[in-house]
Amino acid sequence: MSTDIAQALKDLANAKALAASATRRLAHAGLTAGQAAYLALLTEDTTQELTRTQVHAAAALRSTGAHKLDQESFQAITDLGPDPTIEEIDAAKGRTTTGRTHFKDAKGLMTGWLDIPRSTATARLVQADCLLGGVDEAGEPTEPWLPELAVQFEDPGIDPRLVASAAMKLHSVRKDLGEGKAAEAKKQQLQAESAAFLRSEPKSARKHINDLVAQVKAGKRPLKALLDGIGIFKRGMRKGLVEYLFRVLPSQSAYIEAYFANLDNPSTVAGNRQGLKDVDAQFTGEETSSWDDEDSKPDWAKDRPDDDSAENIEDDPPDEDDHHSEEEDIHPENEDLHSEEDGLPTEDASTEAEPASGEWEDLKPERRRLVGFMALLMTDRKPNGSPPDQQAGLAGAQVSIILDWEKMQEQAEDFAVTSSGILLSPGEARTALCTAGVLPVVLNGKSLPLDLGRTQRLFSKAQVRALRAAYRGCSYPGCSMPAQRCEADHLDPWEKGGRTDIKSAVLNCLIHHTARHCGLFHAVKIPGSRPMVLLPPELDPEQKLRVNTYFMTPAEALEAEALAEETTMRWRAGLLDVEIAEP
């Protein structure tokens, strides 16, 4: 057994040397595109395996008491170097001592000897407890705290980094769960739901597990406790900036998200990028686009007699990759970007303004939203109390609350959710529905209203609103583009007799709309259900029907994933006739 361990450690040392050698040779090699892709694939697979190794190493340090090794043992281990023999490894078993040593515990050894940051060392030991088991006060081994995730952690088909991250998240709510049978049952439920997300849709798993944890931490706090915690808190000056902390109710957050949705639309007056820069310049002093007169304009901006009419000059289109930039990570709820070809009418074409060329996304989303907020504070109201004229930064906030009819009948707690995925309590939902500017959308899973057939090619505003409420975002699995920045896509081509019906439509962002028509993936029409997606074999070897659950609540996502699994099984068994839409 000792020789086997020494051989395994020798293999690991050889793997390190081989990886270093390969990296040096590949760094200056003329790789082809295919070879570069294979390099990236191998690197990620190796990194995943090393994640398991790191957690196992942390568990081994603690279970063996390695922090109690004496000085001679540490010196002998250091002297092994990068290419030891099996005999040398076998001889370096080390000797622990009961006397004073350099390190207090395994965490101290990891930070003091291996130079691992303390937070990382703590995380690995927690992950070891959750996924491998630990040791009790008597030094006896204990079972993993999350046994179902422990099985997934060793599964080569599941990314161990996601499992380790999920374990940390669930471990963070251990105090909120309480004690007793009810707490254990809740922990098992959280673990089972997390495992389901990791197994079915890894791309959205992290978001849904975060939502599960947030729900547990929020608990069923009384309204008074919630109201005592909300407000705007000044945190003081830091790095030359004044910091404020906002704490709001979910229903208030829905209005903020809706305001951001309109503000983030670059094709409207409120979200016009150059206009926002001009508002921002009032504080920063940066140069704006305004000129006092024709003489003050730079040469490139002056009209020339031989030039075509300005109405015939088109601005450069935005980069199609813009929606996968930093803005995607923050998941803004943006207003309409419509495609006439697919029939999404603009909400208010009379007020749209095209963004200036080169000014598409100069302001980061965080700064852009601050500019809009400041524009609200700076705006003078008209004497009769009516809203001010439209200008950059002044956006309206329209909130849609989606009500699940079956859950309402069952008096479930999670029957109301906003179109941006914010879960509302029953009290907040009732209050919000009495407020102007909130649109209740009651959905019955099998009802598909608002069909126009062949009478109209373009989707109506009512249809667009229904599509947004039903699907909330792009159909492509894992895509985080919200519905307001997506286009309605005919699954049955209009020119081939397709109908302008809800059941024949899906929402896709600009990138994935184009990708579908290029045949890079397929939309699948399911009888009595929402359309699903079939990815190509190179991206999904399992060839499962999939749904984008990114904007769903955890409960909704689990239901959608279960439906997709069941639909896939029935389809493969020949029990369900599905239709793969033409590109």
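Calculation rules
- Counting starts from 1 at the beginning of each chain's written sequence and moves along it residue by residue.
- Where local features are concerned, this predicted model is filtered to residues with pLDDT of at least 70; where side-chain atom pairs are given and counted, the filter is 80 or more; whole-chain, interface and lining totals use all residues.
- No hydrogens and no water enter the side-chain calculation; it runs on all heavy atoms of the structure.
- Here the term buried applies to any residue with accessible area under 20% of the maximum for its type, exposed to any over 50%, and partly exposed to those in between, with areas from a 1.4 Å probe on protein chains only.
- Helix and strand labels come from DSSP, where a helix needs a run of H or I of at least four residues and a strand needs a run of E of at least two; each type is numbered from the N terminus.
- Two strands qualify as a pair provided DSSP detects at least 2 bridges between them.
- Here, expected helix span is obtained from the residue count minus one, scaled by 1.5 Å.
- A pair of aromatic rings is counted whenever rings of Phe, Tyr or Trp (Trp by its six-membered ring) have centres within 6.5 Å, and the orientation is called stacked for planes under 30 degrees apart, edge-to-face for over 60 and tilted otherwise.
- Placement of a charge over a ring requires the Lys NZ or Arg CZ to be within 6 Å of the ring centre, with the centre-to-atom vector within 35 degrees of the ring normal.
- Note on terminology: a nonpolar core comprises buried Ala, Val, Leu, Ile, Met, Phe, Trp, Tyr and Cys residues joined through side-chain atoms within 4.5 Å.
- Contacts between residues were defined by any pair of non-hydrogen atoms, one from each residue, lying within 4.5 Å.
- Here an axis means a line fitted to C-alpha atoms, over the contact stretch when the element is a helix, while the angle between two N-to-C directions is reported on a 0 to 180 degree scale.
- To sort the angles, those under 35 degrees are grouped as roughly parallel, those over 145 as roughly antiparallel, those from 65 to 115 as roughly perpendicular, and the leftovers as oblique.
- Helix crossings fall into two classes, left-handed where the near helix is turned counterclockwise from the far one by less than a right angle and right-handed where it is turned clockwise.
- Classification convention: Asp, Glu, Lys, Arg as charged; Ala, Val, Leu, Ile, Met, Phe, Trp, Tyr, Cys, Pro as nonpolar; all other residues, Gly among them, as polar.
- Pairs of N or O atoms within 3.5 Å make up the polar contacts considered here, provided that, within protein, one atom can donate a hydrogen while the other can accept it, and that residues adjacent in sequence are counted only when both atoms are side-chain atoms.

(A) Spotlight on helix α19 (residues 461-471). Among all positions of α19, only Gln463, Val464, Leu467, Arg468, Ala469 and Tyr471 are buried. Downstream of α19 by a residue or two, arginine 472 has a phi angle that is positive, lying close to 70°.

(B) Just the sheet that holds strand β9 (residues 522-525), in detail. Taken together, 4 strands build an open sheet; the order of strands is β11-β10-β9-β12 and the sheet is antiparallel. The open sheet terminates on both sides in strands that have one partner only, identified here as β11 (545-546) and β12 (579-580). Note: strand β10 (residues 532-534) against β11, 2 bridges, orientation antiparallel. Its bridge partner lying in β11, valine 533 is registered against arginine 546.

(C) Quick look at helix α13 (residues 250-263). With 14 residues, α13 ought to run about 20 Å at 1.5 Å a step, and its terminal C-alpha atoms sit 20 Å apart, in line with that. If you check which residues of α13 are buried, you get Ser251, Ser253, Ala254, Ala258, Tyr259, Phe260, Ala261, Asn262 and Leu263.

(D) Spotlight on the packing of aromatic side chains. Summed over all chains, the structure comprises 5 aromatic pairs. Pairing phenylalanine 246 with phenylalanine 373 gives two aromatic rings, centres 6.3 Å apart and planes at 85°, and the pair type is edge-to-face. Linking phenylalanine 246 in strand β2 (residues 241-247) with phenylalanine 373 in helix α16 (residues 365-378), this pair joins segments that are 127 residues apart in sequence. On the basis of relative accessibility, which here comes to 45%, the residue phenylalanine 246 falls in the partly exposed class. Centre to centre, the rings of tyrosine 550 and phenylalanine 551 are 5.2 Å apart; their planes meet at 75°, and the pair counts as edge-to-face. The two residues tyrosine 550 and phenylalanine 551 agree in class, both being buried. A network of ring pairs unites the aromatic residues Phe74, Phe103 and Trp113 as a single cluster. A cation over a ring is seen here: lysine 207 above tyrosine 550, with NZ or CZ 5.3 Å from the ring centre. The ring of phenylalanine 233 is capped by arginine 247, whose NZ or CZ atom sits 5.3 Å from the centre of that ring.

(E) Spotlight on the nonpolar core. Leu131, Leu149, Val163, Leu190 and Leu198 are the most contacted members of the largest nonpolar core, which has 39 residues in total. Secondary structure elements with two or more residues in this core: α2 (33-64), α6 (118-131), α7 (147-153), α8 (160-171), α10 (181-200), α11 (202-218), β10 and α21 (554-572). Residue contributions to this core peak at 6 residues, all from α8. Those residues in contact with valine 163 that sit more than four places away from it in its chain are Leu131, Leu149, Gln152, Phe153, Ile158 and Leu198. Listed in part, the 20 residues of the second largest apolar core include Cys486, Ala488, Phe521 and Leu535.

(F) How the structure looks around the pairing of strand β1 (residues 231-238). By the criterion of burial, β1 is predominantly exposed, with just 0 of the 8 residues buried. With 7 bridges connecting them, β1 and β2 associate as antiparallel partners. From the neighbouring strand, glycine 231 faces β2, where its bridge partner is arginine 247. In textbook terms, the turn of a hairpin is the stretch between consecutive antiparallel strands, and for β1 and β2 this stretch comprises 2 residues, one of which, lysine 239, has a positive phi near 55°.

(G) Quick look at the pairing of strand β7 (residues 487-490). Residues of β7 alternate between two faces, with Glu487 and Asp489 on one and Ala488 and His490 on the opposite face, all of them buried. Here β7 runs beside strand β8 (residues 505-508); their pairing, made up of 4 bridges, is antiparallel. Looking at β8, one finds that alanine 488 is bridged to leucine 507.

(H) Main features of the packing of α10 against α11. At a minimum axis distance of 7 Å, the contact between α10 and α11 shows a crossing angle of 160°. For the element pair α10 / α11, the angle class is roughly antiparallel. The two elements α10 and α11 cross, and the hand of that crossing is right-handed. Contacts from Lys186, Leu190, Glu193, Ser194, Phe197, Leu198 and Ser200 in α10 reach Pro202, Ala205, His208, Ile209, Leu212 and Val216 in α11. Partitioning the contact of α10 with α11 into residue classes produces 8 nonpolar, 3 polar and 2 charged.

(I) Seen up close, the side chain of arginine 516. In this fold, arginine 516 is placed in helix α20 (residues 510-517). Overall, the relative accessible area of 1% leaves arginine 516 in the buried class. A polar atom in the side chain of arginine 516 sits 2.8 Å from the side chain of aspartate 489. Within the structure, arginine 516 has its side chain in polar contact with the backbone oxygen of glutamate 582 (distance 2.9 Å). Once residues lying within four places of it in the same chain are set aside, the contact partners of arginine 516 are Asp489, His490, Leu491, Asn508, Phe521, Ala523, Ala581, Glu582 and Pro583.

(J) Spotlight on the environment of valine 55. Of note, valine 55 is situated in helix α2. The class of valine 55 is buried, set by a relative accessible area of 2%. In this structure, the C-alpha to C-alpha distance between valine 55 and aspartate 129, residues 74 residues apart in sequence, is 9.5 Å. Sequence-distant contacts of valine 55, defined by excluding residues within four places in its chain, comprise Arg124, Gln127, Ala128, Leu132 and Phe153.

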